[in-house]
Structure formats: C-alpha cells, structure tokens
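Okay, here's what each chain looks like letter by letter:
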Amino acid sequence: MSQDTPGSTATAAATSQQGDALENLLHEDRKFAPSADFAANAVVGAEVYAEADADRPAFWAKQARELLTWNKDFTQALDWSNPPFAKWFVGGQVNAAYNALDRHVENGLGDRVAIYFEGEPGDSRAYTYAELTEEVKKAANAFESLGVAKGDRVAVYLPMIPEAVITMLACARIGAVHSVVFGGFSSDALLSRIEDAQAKLVVTADGTYRRGKPSALKSAVDQALAADGHSVQNVVVVKRNGQDVDWHEGRDHWWADTVEAASPEHTAVGHDSEHPLFILYTSGTTGKPKGILHTTGGFLTQTAYTHKAVFDLHPETDVYWCTADIGWVTGHSYVAYAPLINGATQVMYEGTPDSPHQGRWWEIVEKYKVSILYTAPTAIRTFMKWGRDIPDKYDLSSLRVLGSVGEPINPEAWMWYRDVIGGNKAPIVDTWWQTETGAQMIAPLPGVTETKPGSAQVALPGIAVDVVDENGASVPNGHGGFLVIREPWPAMLRGIWGDPERFKETYWSRFETMYFAGDGAKKDEDGDIWLLGRVDDVMNISGHRLSTTEIESALVSHPAVAEAAVVGAADETTGQAVVAFVILRGDAVDSGDEIVQDLRNHVGKEIGPIAKPKIVLVVPELPKTRSGKIMRRLLKDVAEGRDTGDATTLADNTVMAQIAASLKK
Ligand code: PRX
C-alpha cells in the first residue's frame with residue numbers, strides 16, 4: 001500500500017492528465033446569463049462580492065446577526081490567533097434547534113410545513129414547524145432522561161426519515177454531539193465510529209425500504225454492540241418497516257415508548273458559538289476514517305447564508321428538495337440545518353429513484369411543486385441513461401433553480417439537466433464544497449453569475465479560494481494546479497475528533513498557511529474555476545468519498561489476499577468506479593468468478609455495499625517504484641483502458657506486461 005503525498009510525481013502526472021482531458025472544456029462558448037426577471041427578484045445581487053471583499057469577518061458577522069437569533073451576542077467575528085484553529089463569533093451563545101424551530105413558531109410561522117416526507121412504499125407525512133418543534137422537544141427530553149448530557153456523543157444510524165432530522169436537532173438542542181453514520185455502512189464501520197467518538201447512545205430503526213423490499217438496520221447495531229467493552233448505554237429504535245428485531249432488555253427502547261411518551265416542554269439554552277455541533281466521519285488517504293468536527297455558530301451562519309444566496313431561497317413560496325442522504329455532509333448542512341434555519345419548506349424522500357418506477361423523483365417534484373432541486377451528477381447521468389421520455393411525462397414547471405453537488409458535472413449532463421429538467425429556464429448552480437468545508441464554497445449566484453456548463457464558477461462572497469502551483473503561487477488564468485482556501489471561513493472544520501496533529505498534517509502542511517482541499521482545479525481564461533477531481537488517494541464514487549487505502553485494507557484482511565491496490569477508474573454513470581488489483585497468497589486458489597465475488601462481498605461486509613469494487617482483477621504482480629510505492633497511476637491507465645506509456649521508474653519493468661498478459665487470459 002502506498003500513500004502519495006499531494007504534489008508527488010504521480011500526483012502531478014495525474015493532474016496534468018486530467019487537465020489535458022478537460023482542456024477542450026475550458027473553451028466553453030455556451031454561456032447562460034440570468035434572465036432579467038430572475039435577476040430582478042433575486043435574494044442577493046452582485047454587490048455582495050465587494051461588500052465581503054471589503055471586510056470578510058465583518059461580512060460574516062453581519063450574516064450571523066441577520067440569519068440567527070443569538071442568546072448572547074458575540075464580541076469578535078473571528079479569532080485566528082492560533083491557526084489553523086479558528087474561532088468564529090467569539091463569546092456568542094446560540095442554540096441550533098431554537099434557530100431551526102422555536103423561533104419560527106414564535107414568529108407566527110408554526111403552521112408552515114417544514115418537512116413533506118415521502119416514504120419509499122408511498123406513505124407520506126407532513127410536519128409543520130409547530131409539530132416538528134414539539135417532536136424535537138420530546139426527543140430532547142427523552143435523550144436527557146437516558147443520561148445524555150451536553151458534550152456527550154450520540155451515534156445516529158437511521159434511514160432518510162423525519163426521525164433522523166428530529167434526532168439531530170434534539171442533540172443540538174441539548175448540546176450533545178451527533179455522529180451520523182450512513183445506513184449503508186456495515187456493522188464494523190459503525191462500531192469503529194462509535195468507538196472513536198465514544199458514543200453513549202445510538203438512535204436507529206428496525207429497518208427501512210430499498211427498492212420495495214424491507215431492509216434491516218438494527219441487526220447491524222446489534223452486531224456492532226455484540227462484544228462488551230463499548231461505550232453505548234442505550235439504543236433508541238424507531239419502528240419504520242415493522243420487521244422482527246432482536247431485543248436487548250434494558251439497553252433497547254422503542255422510539256414510541258421514549259420519545260413519543262416524553263414531555264413536549266423543553267427550553268433551549270444558548271451554547272457557546274464554538275460548542276461542537278457534530279462529528280461526521282469521512283474517508284481520507286489512510287485506512288482510518290477521520291471524524292470531521294464542526295461547531296455551532298460558524299456552521300449555522302455559512303450554511304444558512306449559502307442556502308439562501310445560492311438557491312435564491314424565497315422561504316414563503318419555495319419548496320426545496322435536497323436528495324442527499326442524512327449520512328453525508330450534504331444531508332447535514334442542506335437538509336437538517338440550513339433549510340430549517342431559513343424557515344423553508346422541504347421534501348424528504350426515503351427511497352431510491354427507481355422505486356417503484358423510474359419516474360419516482362419527477363412524480364415527487366410534480367406532487368409537491370418542488371421549486372429548488374439539489375442533487376448529484378451521478379443521479380443526473382443515470383436519468384440521462386433512462387431517457388428523457390420519463391421526466392417528460394411529468395409537470396416539472398415548478399422548478400426554478402437546479403443545484404448540483406458532490407463531483408464534477410460534465411457539460412453534457414449539465415446541458416441535459418438544464419434542458420430536460422429545468423425546461424431551459426432554471427439556472428444551474430454547481431456547488432463545490434466538502435465535508436471539511438461544512439458549507440458551499442464555490443458556486444454561481446443564480447441571479448448574478450453568467451454560468452458555463454461544467455464550471456463551478458467563482459468563490460462565494462466571503463470565501464478566499466485560489467488555484468496554486470507546486471510552490472503555492474497563484475496560477476494565472478488559463479492554468480491548473482491545486483485548489484486551496486487562503487482565509488478561514490465560518491463553517492470550516494475545527495479539527496479531526498481526538499487528533500489535532502492529523503488535522504494540521506492533513507490539511508495545513510502541504511501549503512503552510514493555506515488549507516489544501518485535495519482537489520485539482522483550473523482557472524479558465526475568465527478566471528472561472530473548473531474542478532478536476534481529487535489529486536490524492538481519495539475516490540469519488542457516485543459523489544461519495546471512499547479511500548483507496550481503506551478498501552485495500554479490507555481486501556488484505558481476506559485470508560486469500562497477499563497484496564491489493566485500488567484505483568478509482570472513470571465511470572460513465574458513477575463518476576468513478578472502484579477497481580481492485582489483487583495478488584493472491586501462494587496457497588490460495590484462483591477460482592475465477594468465485595474468488596472475485598467472495599472478495600467483493602468481503603469488502604461489502606467490512607465497509608459497506610457502496611465500497612464493493614466494481615471490478616476485481618487477480619494479477620501476478622503490482623507495479624512498484626524502487627522505493628516500494630505502488631504506482632497507482634499505471635493501474636488507473638490499465639483500468640481505464642489506456643496505454644500505460646512510460647514505466648521506466650518501475651523496479652521491475654516487466655510487471656506491466658505481466659499484468660496485461662494476465663488480464664488477457
Ligand atoms: O472532490 C471534490 C468533490 O467531492 C469532494 C468532497 O467530498 P465530500 O466531503 O464527501 O462532500 C461531498 C458533498 C459536498 C471534493 O473534495 N466535489 C464536491 N462537490 C463538487 C466536487 N467536485 C466537483 N464539483 C463539485 N461541485
């Protein structure tokens with residue numbers, strides 16, 4: 001296993017290769033200016049850029065005071081005296097749940113729908129702001145009665161159901177720190193996250209529905225907690241699909257018996273602006289996922305501001321739908337927090353886009369008259385494959401802003417999205433950001449920016465993004481390099497849970513005073529930014545982050561595997577797909593399909609089904625440099641069907657020929 005440091009030769013080669021491949025895109029002539037109508041009614045205008053440039057912390061302080069209700073006002077916008085550890089809105093006290101809920105009710109908006117929930121089997125429920133506030137108060141009381149106090153960690157392992165949002169906000173209300181683990185992760189992955197955060201409580205469900213069939217969740221929690229020695233004292237279980245579950249008396253509690261039965265009276269107190277709000281684990285370049293830590297005031301301010309400005313949110317009339325699962329950062333920032341902070345009405349959908357038919361999403365858009373849709377390029381490319389006649393059957397005329405997130409959107413998908421889904425009128429906002437950035441960083445403003453298909457355009461107001469060369473010098477327009485963030489921003493991660501050294505090392509060591517995002521990017525002739533994908537060992541599969549090293553570790557933990565190397569190879573639909581090259585142990589039998597299936601399932605069990613390699617190739621050798629590093633670049637070439645070209649730095653230059661021969665077999 002190897003770890004290319006950003007900026008190594010392999011990385012530089014990969015960047016230049018991606019750059020070459022995308023070179024033609026940088027001469028994009030198609031441009032789409034906002035219509036006069038849209039611009040006239042836009043929530044923010046072009047003046048915000050100059051205002052933010054004039055005094056960045058003051059700009060954010062103004063947003064913090066306008067968008068949030070503080071229990072105690074802050075005395076300083078930004079404390080950057082101890083970089084890279086930032087403090088925003090110093091001395092302020094604020095409660096996330098109060099801001100998302102109670103204050104809207106106090107302001108007379110109690111009857112506005114907060115969440116329209118659409119279950120996969122076709123059941124639906126709506127929660128008004130008043131109802132959601134009551135549910136969150138009950139959950140806060142229930143969690144407190146189970147011994148959860150301010151600062152304690154709560155693991156959340158739930159499907160896309162309103163109880164997920166209720167749980168997150170209840171934690172935030174009492175100052176407990178939620179750690180949501182994506183429901184598609186395995187029991188092993190869940191346990192490692194529970195242990196790292198030392199979670200006291202787990203909130204889960206009996207199961208959910210996937211493509212019309214019940215799918216279990218609680219069994220994974222039971223498996224994770226089977227052995228003693230963990231930190232979990234209680235498990236709260238939402239009844240969702242009614243399937244049978246094992247029950248651990250004393251530890252397990254039905255949601256109905258605890259939360260539903262709890263008192264609906266609960267007063268929210270202010271928490272320090274820098275009080276931890278949540279931990280969200282994400283893959284890095286090593287085998288161990290990082291617990292990205294976000295705190296309260298800055299996170300809420302930037303998510304709420306960007307949600308309003310980038311989606312041109314008119315909360316009194318818009319119906320917003322973000323299709324991201326709660327297990328990913330988009331489901332945190334732009335489902336659980338920003339829309340509610342902004343008093344918006346949103347749709348939440350439990351299932352897959354093809355259940356029970358491939359028009360399900362468009363049926364939902366028509367049913368709720370969704371006006372702002374936020375989704376990932378993978379989904380758009382899948383719909384393209386299914387054909388336009390499916391969305392064409394539905395009335396999508398309510399859509400007026402279309403968002404994209406998670407991976408670069410290719411111009412063809414961008415144009416299809418605009419034409420077929422947006423009726424050639426809804427502006428597209430391609431939003432670049434990360435789990436670490438907490439909120440959108442690069443995106444057009446729909447009433448201001450003239451957009452180009454495939455470009456995320458420009459840094460948002462108050463955000464200092466740049467593209468730099470190997471030495472950290474800003475590249476001129478027309479050139480590519482590494483994406484960095486030059487100045488602290490409100491929603492920035494405050495660290496890696498329990499590991500401040502790793503925080504510095506991972507993000508702040510490549511370019512001393514700048515945050516290195518791990519992405520390659522180019523500035524076109526107009527200075528607009530084009531994202532070129534990761535330049536480290538992180539893959540992006542369907543907009544989800546996976547680490548090559550993590551999957552390699554899973555593969556070598558299988559008794560038949562001696563060595564493994566994993567690459568993300570370009571894939572038409574999912575952006576990248578996991579391709580694994582494995583060397584079997586001397587005593588293992590290459591049983592062809594059987595071993596391949598076995599290894600795929602093994603990775604599924606260790607990490608989760610999303611990490612299963614699409615292709616597993618059994619090879620006799622792996623290409624290594626003389627210092628023993630695996631040359632993933634060459635494997636990527638093989639996986640993407642390219643000539644591997646120059647392999648002179650290999651310790652054994654016959655290896656590539658051996659691999660080619662074994663693949664022809
Ligand atoms: O490579 C970038 C890609 O997704 C990575 C962040 O992944 P994650 O933390 O899981 O967050 C995804 C949702 C915010 C980035 O380093 N990425 C995200 N958005 C875009 C993108 N790449 C290109 N264009 C985007 N709009």
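Residues numbered from 1 in each chain as written. Predicted model: local features only at pLDDT ≥ 70, side-chain atom pairs only at ≥ 80, totals over all residues. Heavy atoms only, no water.

Assigned secondary structure in the protein chain consists of 21 helices and 30 strands. Rg of the C-alpha trace for the protein chain: 24 Å, near the compact-globule value of 26 Å for 665 residues, within the 12% margin. Principal-axis analysis of the C-alpha atoms places the extent of the protein chain at approximately 75 × 60 × 55 Å. A burial count over the protein chain gives 61% of its 665 residues as buried. At a minimum sequence separation of 6, the contacts of the protein chain that also span at least 24 residues come to 72%. Accessible surface computed for the protein chain: about 24100 Å², of which carbon and sulfur atoms make up 49%. (Helix = DSSP H or I, 4+ residues; strand = E, 2+ residues; numbered from the N terminus. Rg over C-alpha atoms; globule rule 2.2 N^0.38 Å. Buried < 20%, exposed > 50% of the residue type's maximum accessible area, 1.4 Å probe, protein only. Contact = heavy atoms within 4.5 Å. Areas by Shrake-Rupley, 256 points an atom, 1.4 Å probe, with all protein chains shown as cover.)

Let's shift gears to the domain arrangement of the protein chain. Once the domains are mapped, the protein chain shows domain 1 (9-95 + 279-533), domain 2 (96-269) and domain 3 (558-663). With six residues of domain 2 at the contact, the number on the domain 3 side is seven residues. Carbon and sulfur atoms make up 51% of the area that domain 2 and domain 3 hide from each other, which totals about 450 Å². When the buried surface of domain 2 facing domain 3 is broken down by residue, Phe-185, Ser-186 and Asp-188 rank first, second and third, together holding 65% of it. The tally of links between domain 2 and domain 3 comes to one salt bridge. Where Asp-188 meets Lys-605, a salt bridge forms, and the shortest distance between an N and an O atom there is 3.7 Å. The tally of links between domain 2 and domain 3 comes to three residue pairs in polar contact (both at pLDDT 80 or more). (Domains from an automatic or database assignment. Buried area = accessible area lost by both parts, 1.4 Å probe. Salt bridge = Lys/Arg side-chain N within 4 Å of Asp/Glu carboxyl O. Polar contact = N/O pair within 3.5 Å; in protein donor to acceptor, adjacent residues only side chain to side chain.)

Residues in contact with the ligand amount to 17 residues; listed here are only the nearest, Asp-430, Thr-431, Thr-435, Asp-519 and Arg-534. At a separation of 2.8 Å, a nitrogen atom of the ligand approaches a polar side-chain atom of Asp-430. About the coverage of the ligand: the protein hides 97% of its 540 Å² of free accessible area. Grouping the constituent residues of the shell around the ligand by class yields six nonpolar, six polar and five charged. (Near = heavy atom within 4 Å. Nonpolar A, V, L, I, M, F, W, Y, C, P; charged D, E, K, R; others polar.)

Right, let's talk about the packing of aromatic side chains for a bit. For the structure shown, the criterion picks out 37 aromatic pairs. Ring centres 6.4 Å apart and planes at 85° place the aromatic pair Trp-321 and Tyr-349 in the edge-to-face group. Of this pair, Trp-321 sits in strand S16 (residues 319-322) while Tyr-349 is found in strand S17 (residues 345-349), placing the two residues 28 residues apart along the sequence. Neither residue differs from the other here; Trp-321 and Tyr-349 are each classed as buried. (Phe/Tyr/Trp six-rings, centres within 6.5 Å; stacked < 30°, edge-to-face > 60°.)

Neither face of strand S20 (residues 428-431) is left uncovered, since the one carrying Ile-428 and Asp-430 and the one carrying Val-429 and Thr-431 both have all their residues buried. When strand S19 (residues 401-405) meets S20, the two strands line up parallel, connected through four bridges. Each residue of the ladder has a partner; that of Gly-403, found in S20, is Val-429. For the segment spanning S19, helix H16 (residues 411-421) and S20, crossover handedness is right-handed. (Pairing = 2+ DSSP bridges. Right-handed = clockwise from strand over helix to strand, strands pointing away.)

A word on helix H12 (residues 329-341). Here H12 lies mainly inside the structure; 13 of its 13 residues are buried. Directly beyond the C-terminal end of H12, a positive phi value near 70° is found at Gly-343.

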